[in-house]
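These are the residues of each chain, in order.
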Amino acid sequence: MKRVLLTCPHICTVVLTVLCVSPVVYVQANMSPLTKSIIEDLAGPQVAFSAAEPSLDDVSQTCLLDLIHLLSSPDALVPVLDSFGKPAAGILVGNLAWLGHFDECMGVSQHRYCLVRISANLSAIVNASLDLPIQWGVCVPESCSGVDVENALELLLGYLNVSWLTLETVRGSSVDCVNKPDADFNGGFISVCIVIGVLFLLCVAGSIVDYCLQAKDKEASDGPLPHRVGLENGGHTAQQNLYGSLDDPKGDQVLPGNQFSEKSPLLSPHHSMVTRETVTVVASRPQSVWTRLILCFAFSRNIPKLLGTKQGEGGITCLNGIRVISMSWVILGHTLALVAQAGVGENLGTAFPAWLQSFSYQAILNAYFSVDSFFFLSGLLITYLSLKKMKESAGKVPWKWIYLHRYLRLTPALAMLILVFTFILPDMSQGPIWHSLDPWVDPCRSWWWTNILYINNFFPPAIGQNCVLWTWYLANDMQFFLISPLIIIPLFWYPAVGVAILSTLCGVSFITTAVLVEQHGFQPGVILSNNGHSMSASEPEGRFLPADSYMDVIYTKPYCRIPPYLVGMAMGYVIYRIGTKKIKLPPIMAAAGWAVAAALGMTVVYGLYPIYSGSSVPTTATSMAYTSLSTFTWGVALCWVVFACHYGYGGVIHDFLSWSLWVPLSRMTYSAYLLHPLVMYLYAFSQTVPIHWSTITVAYNFSAFFTLAYGCSFLMNVLVEFPFGNLEKMLQQGLTKKKP
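Treat the numbers as computed from the prediction; the structure is a model and nothing was measured.

The next point concerns the overall build of the protein. On a plain count of helices and strands, the protein comes out with 30 helices and 9 strands. Burial statistics for the protein: of 740 residues in total, 50% are counted as buried. Partitioning the contacts of the protein with sequence separation of at least 6, the portion at a separation of at least 24 is 80%. Only carbon and sulfur atoms are counted for the fraction: they give 65% of the accessible area of the protein, which is about 34,400 Å².

Below is the structure:
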């Protein structure tokens, strides 16, 4: 044993020489005799290079000297080589991330970690077409740049004549080196931190002001007349303060400075003043604009509103549950898709095919329909609420203000997401593959404006080059919203014309999608239709999907994704027309409705199982029909769920979907959608060892991602969404206030 230990430094020296720096050793005049002797005795003739071989001029002299010094220093050499990535078991099942030990390498003085991407073509070895993209972690002196390491390895592979092992060219270099943490942060990071800090201070200041106002209101309500007025009755009091009603039945926040809530029972036409009832009203005191502005940010007002569980009468309460469950489905699907982008799964090559052939995993693999649930809900709500408003105002709706309200409602949180993703996330962690996140972040520096204008599903041309690419959904939803008056107005004035427009748009979408599927040869479903284009960090060029990929041609385009939105609009019109009328259905018909809806939903989600399992081969007609009709069918299934729950045929399903717990979670869904990929990227790209994928891994990751996503959403709501929503209400009040 002692003899083996004594020879370890010598063996390590040879390993390092063979793997990385053997070309360096034989061309340096000041090489130590011991190192030269070891290499000549143990390395063999295949690495004995002459001065006539290719030049090392592309490797910096400083790097060469530091490598030579390392070879003659066993105390430093052993931990350096120990931190090197080494081939592990399971290469043929996807264990291609030989990451080594990141922390050990970064702990060695004047050394740093580099990740090398090597393509191993094993066709000649395994007698089959097989090209493996390997990620190999190496530890090199800090003086060696990524280009130095790349050039040395290319020379080494050339000398060794290993034709099946080549360096991949990725963004001009196949080597990415990690700098040791620096206390200095860039201007973008500091600026975004200042913005977040200012928002937090405003929220704290607003809470203090709110507390002071409440104290004054309490003092005024306890004081003598004329500060309090009332009608005596059995000693009960309903109190109204200067900034809103505490008796608001829906828990809606009143705009700062309003004396009364329009929804307050005190002013509602359904609550007449009865004798023997005590009502305490605090005299109105004018508030300055600055006071009202600061109150918009108050934690003490926004948090109770966010977490309130009261639901108004007459609302479609089941939508809250549908919204939260759909968001959970999005997170569940992305638990696989986004984490796999890091490319550090040790068994993804076998786990993913097994999931495809598993019936139970179809609901996860086809989680794409969760987005169609949101399209359906958006179409339903905009139609139902707009038609109700038009009925109350004789068909007059301020569409320009509605457009502005929509933009101001969505954009502040989206802008904060882009800032955090671009300037904060890159400095939040470090690891072997952390730099692989750069291709996702870099587009935001050039294309952020397309997100703010909600055209990022068209620009840039390839979806893979988009900033925060998951916000393609917001672009589609905004575009649908912009054209919705062209359907809603005819539905109100000329219902037959409106229905005809809805039907025509659906038909056009079906035909367009089917033609695109046939032209591009897409297969049914997102997974089968990607034509082999990868979005994994192990194949980084896949990050930039070509413009003819399924994701760009069909998945993100409004003319292909609009059917569920149109179905939602039709459902909104139906609910508007029925109103509060009682719908009587025979039990057999209600049961049949649930059976048909369940069958449609199951067909959409599980219909591709025979193809995934290999028992069926899709035809062109099958691909065209499934791709063009599946999202529409999913929307039809949701129609029955909403109809049955709203009109008393939902039973326990309605009770579950209308559970009051869904209400605060429903309010946080928008920010949860924006932020959950950041949580996943932070986890996936911070990995220092390969992930072993299993059902347990998915379950635990999903639970953590769901909790963290809604936790971050809570912060986004109280710091950005609610304050800016209150500011937007103030703006609306100021613009619509009648002049005397």
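The discussion continues.
Bringing the packing of aromatic side chains into the picture now. Scanning all chains against the criterion turns up 39 aromatic pairs. When the ring of F643 is compared with that of Y647, the centres are 5.2 Å apart and the planes differ by 45 degrees; the resulting orientation is tilted. Relative to W662, the ring of F656 lies with its centre 5.4 Å away and its plane at 85 degrees, an arrangement referred to as edge-to-face. The aromatic ring of F481 is capped on one face by R406, whose charged end is 4.8 Å from the ring centroid. One residue, R561, lies across the ring of Y555, its end atom 4.6 Å from the ring centre.

If you walk through the whole model with that rule in mind, you get 6 salt bridges. As a salt-bridge pair, E721 and R409 come within 2.6 Å of each other at their nearest N and O atoms. Placement of E721 in helix α30 (residues 695–736) and of R409 in helix α15 (residues 399–424) is noted, with a sequence separation of 312 residues between them. You can call R409 partly exposed: its relative accessible area is 37%.

Along strand β2 (residues 111–121), 10 of the 11 residues are buried, which leaves the element largely enclosed by surrounding structure. Inspection of the sheet shows β2 paired to strand β5 (residues 175–177) by 3 bridges, in the antiparallel sense. Among the inter-strand pairings, C114 is bridged to a residue of β5, identified as C177.

Cis geometry marks the peptide bond from F459 to P460, where omega comes out at -5 degrees. Looking at the secondary structure, you find P460 in the loop between α17 (444–452) and α18 (472–483). In this model, Q110 sits at a positive phi of 60 degrees, which is unusual for a non-glycine residue. Tracing the backbone shows Q110 in the loop between α5 (102–106) and β2. Classification of Q110 by relative accessible area gives exposed; the value is 58%.

Parameters at a glance
- Throughout this document, residue positions are counted from 1 along each chain, in the order its sequence is written.
- pLDDT decides what is reported in this predicted model: residues at 70 or higher carry local features, side-chain atom pairs at 80 or more are listed and counted, and totals for whole chains, interfaces and linings draw on all residues regardless.
- Calculation of side-chain values draws on the structure's entire complement of heavy atoms; hydrogens and water are dropped beforehand.
- Helix and strand assignments come from DSSP, with helices taken as H or I runs of at least 4 residues and strands as E runs of at least 2, each series counted from the N terminus.
- Burial status follows relative accessibility: with a 1.4 Å probe on protein chains alone, a residue under 20% of its type maximum counts as buried, one over 50% as exposed, and anything between as partly exposed.
- The contact definition used throughout considers only heavy atoms, calling two residues in contact when any of these lie within 4.5 Å.
- Here, Shrake-Rupley sampling with a 1.4 Å probe gives the accessible areas, and only protein chains in the shown set may cover a residue.
- The rule is short: rings of Phe, Tyr and Trp, with Trp giving its six-membered ring, pair when the centres are within 6.5 Å, and they are stacked under 30 degrees, edge-to-face over 60, tilted in between.
- Any Lys NZ or Arg CZ found within 6 Å of a ring centre and within 35 degrees of that ring's normal is scored as a charge over the ring.
- By definition here, a salt bridge exists when the distance from a side-chain nitrogen of Lys or Arg to a carboxyl oxygen of Asp or Glu is within 4 Å.
- One requirement defines pairing of two strands: DSSP has to find at least two bridges between them.

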